[in-house]
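For reference, the chains in residue letters:
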Amino acid sequence: MRPRPLSWISFTALLSLALNLGGIEPSPAKNNLSCQGESCTEQSPGPYGCLADATVLAEIRQTITRPQDDWQRQEIIVQKLYSETCQASWTKAYIPDTTFLFVRIRGSDNELENVRGMIQADGEDYFWTQSRMSDGNLASQACVSIPILSVGIGHDIYNQYCTEFN
């Protein structure tokens with residue numbers, strides 16, 4: 001018995017199926033990574049499942065102008081996120097390339113303590129990115145340090161923007 005040639009409708013259906021399957025991503029494997037509080041410090045929130053219940057505790061929006069942007073006004077957004085499951089917090093921000101993101105911890109007697117979760121953003125133009133995590137049981141604020149002026153010899157000038165402590 002000789003196979004029948006594909007009809008136009010069958011060919012279109014098969015082609016459509018093949019093209020659609022290319023967009024399907026396999027479901028991520030369940031990982032065994034977990035952390036809570038202090039054990040989350042300096043970890044990325046994604047692999048530990050902390051993004052699933054992340055909520056925005058604080059947010060600031062600021063319009064900035066910089067020579068790197070041809071003096072065009074740009075809005076930055078800085079958010080402090082918190083995961084109840086992980087008991088951890090981190091900074092998420094819409095910022096320009098080479099900006100530093102971090103969480104600043106409030107110490108005893110309202111003195112500032114260490115910076116946690118610091119990263120330097122690496123991308124193009126303005127984009128969303130996030131820092132590593134810090135213990136969410138500590139009073140903290142989400143911060144960014146944005147390069148405002150670069151003199152090309154490693155002595156850049158930065159402006160800092162932070163949410164309120166909570």
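All residue numbers refer to position in the chain's written sequence, counted from 1. Owing to the predicted nature of the model, reporting of local features is limited to residues with pLDDT of at least 70; listing and counting of side-chain atom pairs is limited to 80 or more, with chain, interface and lining totals taken over all residues. Think of the side-chain values as coming from all heavy atoms in the structure, minus any hydrogens and water.

A. Spatial organisation of unusual backbone geometry. At Gln 87, a residue that is not glycine, the phi angle is positive and equals roughly 50°. Looking at the element boundaries, Gln 87 is found in the loop between β2 (74-83) and β3 (88-96). At Asp 125, a residue that is not glycine, the phi angle is positive and equals roughly 60°. The topology assignment puts Asp 125 in the loop between β5 (112-120) and β6 (126-130). Partly exposed residues are those whose accessible area sits between 20% and 50% of the maximum for their type, while under 20% is buried and over 50% is exposed, using a 1.4 Å probe and protein chains only. For Asp 125, a relative accessible area of 59% gives the class exposed. Numbering of helices and strands runs from the N terminus, with a helix taken as a DSSP run of H or I at least four residues long and a strand as a DSSP run of E at least two residues long.

B. Expanded view of the nonpolar core. Among buried residues, those of type Ala, Val, Leu, Ile, Met, Phe, Trp, Tyr and Cys that are joined through side-chain atoms within 4.5 Å constitute a nonpolar core. The biggest cluster of nonpolar side chains holds 15 residues, and the ones touching the most others in it are Ile 64, Ile 76, Ile 95, Leu 101, Val 144, Ile 146 and Tyr 161. Mapped onto this core, the elements with two or more residues apiece are β2, β3, β6 and β8 (140-149). Per-element tally for this core: the top contributor is β8, with four residues. Sequence-distant contacts of Ile 95, defined by excluding residues within four places in its chain, comprise Leu 101, Ala 121, Asp 125, Tyr 126, Phe 127, Thr 129, Val 144 and Ile 146. Counting nine residues, the second-largest nonpolar core is a separate cluster that includes Tyr 48, Cys 50, Leu 81 and Ala 88. When checking whether two residues touch, look at their non-hydrogen atoms; a contact exists if any pair is within 4.5 Å.

C. Just the state of the cysteines, in detail. In plain terms, two cysteine sulfur atoms within 2.5 Å form what is called a disulfide here. In this structure the tally under the stated criterion is three disulfides. One disulfide in the model links Cys 50 with Cys 86; its S-S distance is 2.1 Å. Across the S-S bond of Cys 50 and Cys 86 the torsion is about -95°, and the bridge reads as left-handed. Here Cys 50 is found in the loop between α1 (8-21) and β1 (54-64), whereas its partner Cys 86 is found in the loop between β2 and β3, with 36 residues between them in sequence.

D. Representation of the pattern of salt bridges. Basic side-chain nitrogens of Lys or Arg form a salt bridge, by our definition, when they fall within 4 Å of a carboxyl oxygen of Asp or Glu. A complete count under the given rule lists four salt bridges for this structure. Between Glu 59 and Arg 61 there is a salt bridge, with the nearest N and O atoms lying 3.0 Å from each other. For Glu 59, a relative accessible area of 37% corresponds to the partly exposed category. Take Arg 61: its relative accessible area is 49%, and that puts it in the partly exposed class. A salt bridge links Arg 66 to Asp 69; the nearest nitrogen and oxygen atoms lie 3.0 Å apart. Since its relative accessible area comes to 5%, Arg 66 is described here as buried. Within this structure, Glu 59, Arg 61 and Glu 75 form a network of salt bridges that share partners.

E. Inspection of the packing of aromatic side chains at higher detail. When two rings of Phe, Tyr or Trp (its six-membered ring) have centres within 6.5 Å they constitute a pair, described as stacked for plane angles under 30 degrees, edge-to-face for angles over 60, and tilted for the intermediate range. Overall, the coordinates contain three aromatic pairs when judged by the stated rule. Ring geometry for Tyr 94 against Tyr 126: centres 6.1 Å apart, planes inclined by 40°, an arrangement best described as tilted. Taken as a pair, Tyr 94 in strand β3 and Tyr 126 in strand β6 lie far apart in primary sequence, 32 residues in all. By relative accessible area, which is 27% here, Tyr 94 ends up partly exposed. A ring pair is formed by Tyr 94 and Trp 128, whose centres lie 5.8 Å apart and whose planes are at 50°; its orientation type is tilted.

F. Representation of the confidence of the model for the protein. For the protein, per-residue confidence averages 83 on the pLDDT scale, and 79% of positions sit at 70 or higher. Looking at the elements of the protein, mean pLDDT is at its lowest for α1, recorded as 41, and at its highest for β2, recorded as 98. Every residue carries a pLDDT, the predictor's confidence in it, which falls somewhere between 0 and 100. Confidence drops under pLDDT 50 across residues 6-29; counting only partners more than four residues distant or on other chains, this segment forms one contact.

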